[in-house]
Amino acid sequence: MPHDASTVILYEDSRAYLDEFDPEVLPIALIDVSSEELRTTLFEGIDFTAAVAVSPDGSVLATSEFNGDIFLWDIETGELLKTIDGLPSQSQMVFIDDNLLVTASANGNIPVFVIWDVVSSVIIRILTPEIGTFHDFIDQRPMQAQSDLTVALIATTDGKELITSTGGDGIFKQDIDSGERRQMRFSDSEYPRLSIRQLHLAPQSDQVFYMLQGEPAIYRLNLDTRVEFEVLSVAEGERLITF
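Residues numbered from 1 in each chain as written. Predicted model: local features only at pLDDT ≥ 70, side-chain atom pairs only at ≥ 80, totals over all residues. Heavy atoms only, no water.

### Considerations on the overall build of the protein
Move 1: Along the protein, the regular secondary structure elements total one helix and 19 strands.
Move 2: Going through the 243 residues of the protein one by one, you find that 42% of them count as buried.
Move 3: For the protein, restricting intrachain contacts to residue pairs at least 6 apart in sequence, the fraction spanning at least 24 positions comes to 38%.
Move 4: Here the protein has roughly 13300 Å² of accessible surface; of this, 50% comes from carbon and sulfur atoms. (Helix = DSSP H or I, 4+ residues; strand = E, 2+ residues; numbered from the N terminus. Buried < 20%, exposed > 50% of the residue type's maximum accessible area, 1.4 Å probe, protein only. Contact = heavy atoms within 4.5 Å. Areas by Shrake-Rupley, 256 points an atom, 1.4 Å probe, with all protein chains shown as cover.)

See below:
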């Protein structure tokens, strides 16, 4: 089933429910866009859903839980295809092709990206930045509010690069083959507060769109020139939740 925007994947982060969590209370729902009817409901986890990703051909849904489990589902039938024992605290995920899935760590100031082969269920590569010695890391580490915590993760359409936003309001582009990581946007604030929560890449272009929740506004960033444009501003007192 190709990507045709025919299905909405709806899930809720149940961290807000704390001790009251029950996976059957907060399932993953697949809703048909045209009929607005519930196609199927996915129950399988023991922990809350931390992230979801759809394969490029639109046939497989990957979901991850905070405890590290990764589930692969058939989007058409709702059948559970496979369970992968993943790594805890993987809060973001994206497919770079139909068989390769990238997960991002949710903890610490060092961004870690794990590339999984979903066919064999094994890790084929781990991407981490070069930090030099321990003393280099201590000298250069940002304040917690300006950390490299990955809060959004997408991939270019050719699957060769990752684009991420971080806890320090930065936007980075990372080459998967070479591992090279370049910062495309720097924070405007001395104490940023995780305001870039969503990233969207315009099809067949080097334009990435994102929302600054603190303002709020939607911006466009040219990844070649690193020039930023405001696309939409919101009246005072209004909020942007998603786009």
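### A look at a nonpolar patch on the surface
Move 1: A contiguous nonpolar surface patch, about 240 Å² in accessible area, is contributed by Val8, Leu10 and Val33.
Move 2: Of note, Val33 is situated in the loop between β2 (28–32) and β3 (38–42).
Move 3: Given the relative accessible area of 41%, Val33 is considered partly exposed. (Patch = residues over 30% accessible without salt bridge, like charges linked within 9 Å, V, L, I, M, F, W, Y side chains within 5 Å. Salt bridge = Lys/Arg side-chain N within 4 Å of Asp/Glu carboxyl O.)

### Focus on the confidence of the model for the protein
Move 1: For the protein, the average pLDDT comes to 77, and 71% of its residues sit at 70 or higher.
Move 2: Of all the helices and strands in the protein, helix α1 (residues 134–140) carries the lowest mean pLDDT, 57, while strand β10 (residues 113–117) carries the highest, 94. (pLDDT = per-residue confidence, 0-100.)

### Re the sheet that holds strand β14 (residues 171–175)
Move 1: Sheet architecture is open: four strands sit in the order β12-β13-β14-β15, paired in antiparallel fashion. Edge positions in the open sheet fall to β12 (150–155) and β15 (181–185), since each of these has one partner strand only. Between one strand axis and the next, the sheet turns through 25° on average, direction left out of account.
Move 2: Strand direction decides the pairing type here: β12 and strand β13 (residues 161–166), joined by five bridges, are antiparallel. (Pairing = 2+ DSSP bridges. Axes fitted to C-alpha atoms, helices over the stretch in contact; angles between N-to-C directions.)

### Here we look at the packing of aromatic side chains
Move 1: Enumeration over the complete set of coordinates arrives at two aromatic pairs.
Move 2: Relative to Trp73, the ring of Phe71 lies with its centre 6.2 Å away and its plane at 45°, an arrangement referred to as tilted. Across the pair, Trp73 and Phe71 agree in class, each one buried.
Move 3: Ring plane angle 15° and centroid distance 6.2 Å describe the contact between Tyr210 and Tyr219, whose orientation is recorded as stacked. Tyr219 matches Tyr210 in its accessibility class, with the two residues each being buried. (Phe/Tyr/Trp six-rings, centres within 6.5 Å; stacked < 30°, edge-to-face > 60°.)

### A short note on the pattern of salt bridges
Move 1: Overall, the coordinates contain one salt bridge when judged by the stated rule.
Move 2: When the shortest N-O distance is used, the salt bridge between Glu228 and Arg185 registers 2.7 Å. Here the residue Glu228 occupies a position in strand β19 (residues 228–233), and Arg185 occupies one in strand β15, the gap between them amounting to 43 residues.

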